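Examining the three-dimensional arrangement
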Amino acid sequence: MLGSSKRPVQLGAYFALSRVVPTLARYEDARKTKSDDEREMEAREIPWPLFSTLSSAHVVLEDFLLRFDLDNPFVISPDSELYHRAFGFLLSWRLTLKLFAVSKPEIRSQYAAFFRESQLVSGLLHFLFCLMPVTGVFHADTGSTPSQGIMRLPKFFSEKPQMDPTASASLLELQHLACCVYFGAVRHIPALVREWFNGLDRRGASAVDRFTSQNVSPLLCSRDIGATQKVDKAKLRNMTIKARPVAREVVATCSVEDITFEILVKLAENHPLGAVTIEAGRPIGVSNSQWSYWTLQLTTFLTHQNGSILDGLLLWKRNIDKKFEGVQECYVCFNVLHSSTSQLPKLLCRTCKKKFHSSCLYKWFSTSGHSTCPLCRSIF
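Structural notes, computed from the coordinates. (Residues numbered from 1 in each chain as written. Predicted model: local features only at pLDDT ≥ 70, side-chain atom pairs only at ≥ 80, totals over all residues. Heavy atoms only, no water.)

Next up on the list: the pattern of salt bridges. In total, this model carries nine salt bridges according to the counting rule given. Among the ionic pairs, K322 bridges to E325, the shortest N-O distance being 3.8 Å. Using a relative accessible area of 26% as the deciding quantity, one classes K322 as partly exposed. (Salt bridge = Lys/Arg side-chain N within 4 Å of Asp/Glu carboxyl O. Buried < 20%, exposed > 50% of the residue type's maximum accessible area, 1.4 Å probe, protein only.)

In structure tokens form, the structure reads like this:
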């Protein structure tokens, strides 16, 4: 019904599905099989109602989009079939991003692998930048008065579109929805957006960088940094987080057994397109190699995984806590908690008694071509 040519039907389907997304996320987690645990990094297809709408709309829009550049927005008539295709496509992506956000880390990593393989995200982002006006001004449909026809861009990232089923379809609504979907993408799947951005040509990258830096990054930085101050204190326990919004910085301090760990995270001006900067001094009592592994994991998480600053800092803290609790780290990635799934090492070598993350071991088997222990080389 999201692909219907009737706007009220599309919105009715969207509102109904939106209410069941949390239940759908729980169902997706419950249907994990033993094979899923052994191959945590494999792709997981998003639920069929969403995927069918995304894929069918993607095929229709793909040929149309090839005629437009990223910095050359086009206009879609509200009376056209293309409008309803685009509207259903954007509604489906809003639901997909919501599902991604409420899913558990291991499921998110599988969805991300599916997005990467299917290249759906690149098609989405190309479409959004052909629809969102790069000038920073929204022009409503023909016939509007000047005061009604121009609306400033930042509002459309910070406010949700009304999407009233009784209202008429409009280009302004479609543009507003496109902005909301883009903000959801940079917030929930930043690593995938960054990969797409890094693959653009110079002209396209310049347009995306300028648009994002001016209209999206300030709001996203504010929300990401602000989220670190709203976390439940019970989750932090022995860690404190100080926010420096003006400098786009967060400083985390973790204390364990009279040893204090401090790390600074600085967001890029064009966040999340630019790389996150990590600054840390090695505390006394921790080896150089161990501190490097912890710092590298945080850098890798914030650069290549689809999580927030808070997610990365909590992972960093849990790794430190587990290490001091005596939990054995994985001897492939040298971390206690896996950066994508937050899982502990579970697979035990019967010969050397060392443990490994299932995804790390699966990757080792795939790249080495042998089903042997990475340490003692015994058959696993």
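It is worth spelling out the packing of aromatic side chains at this point. In the structure shown here, the tally under the stated rule is 17 aromatic pairs. Judged by centre distance (6.4 Å) and plane angle (70°), the rings of W291 and W316 are edge-to-face. Of the two residues, W291 is situated in helix α14 (residues 288-304) and W316 in helix α15 (residues 309-324); the sequence distance between them amounts to 25 residues. Comparing W291 with W316, the two get one shared label, buried. (Phe/Tyr/Trp six-rings, centres within 6.5 Å; stacked < 30°, edge-to-face > 60°. Helix = DSSP H or I, 4+ residues; strand = E, 2+ residues; numbered from the N terminus.)

Further remarks concern the packing of helix α4 (residues 81-102) against helix α6 (residues 120-131). Here α4 crosses α6 at 125°, and the two axes come no closer than 12 Å. Relative to α6, the element α4 lies oblique. Handedness of the crossing formed by α4 with α6: left-handed. Here A86, F89, L90 and W93 of α4 come into contact with α6, specifically with L120, V121, L124, F127, L128 and L131. Residues of the contact of α4 with α6, tallied by class, amount to 10 nonpolar, no polar and no charged. (Axes fitted to C-alpha atoms, helices over the stretch in contact; angles between N-to-C directions. Parallel < 35°, antiparallel > 145°, perpendicular 65-115°, else oblique. Left-handed = near helix turned anticlockwise from the far one by under 90°. Contact = heavy atoms within 4.5 Å. Nonpolar A, V, L, I, M, F, W, Y, C, P; charged D, E, K, R; others polar.)

Ranked by size, the top nonpolar core spans 66 residues in total, and within it L90, W93, L128 and Y182 carry the most contacts. Of all the elements, α4 adds the most residues to this core, at 12 residues. Judged by nonpolar contacts, the second largest core, of 31 residues, contains C221, V265, W291 and L314. (Core = buried A, V, L, I, M, F, W, Y, C linked by side-chain atoms within 4.5 Å.)

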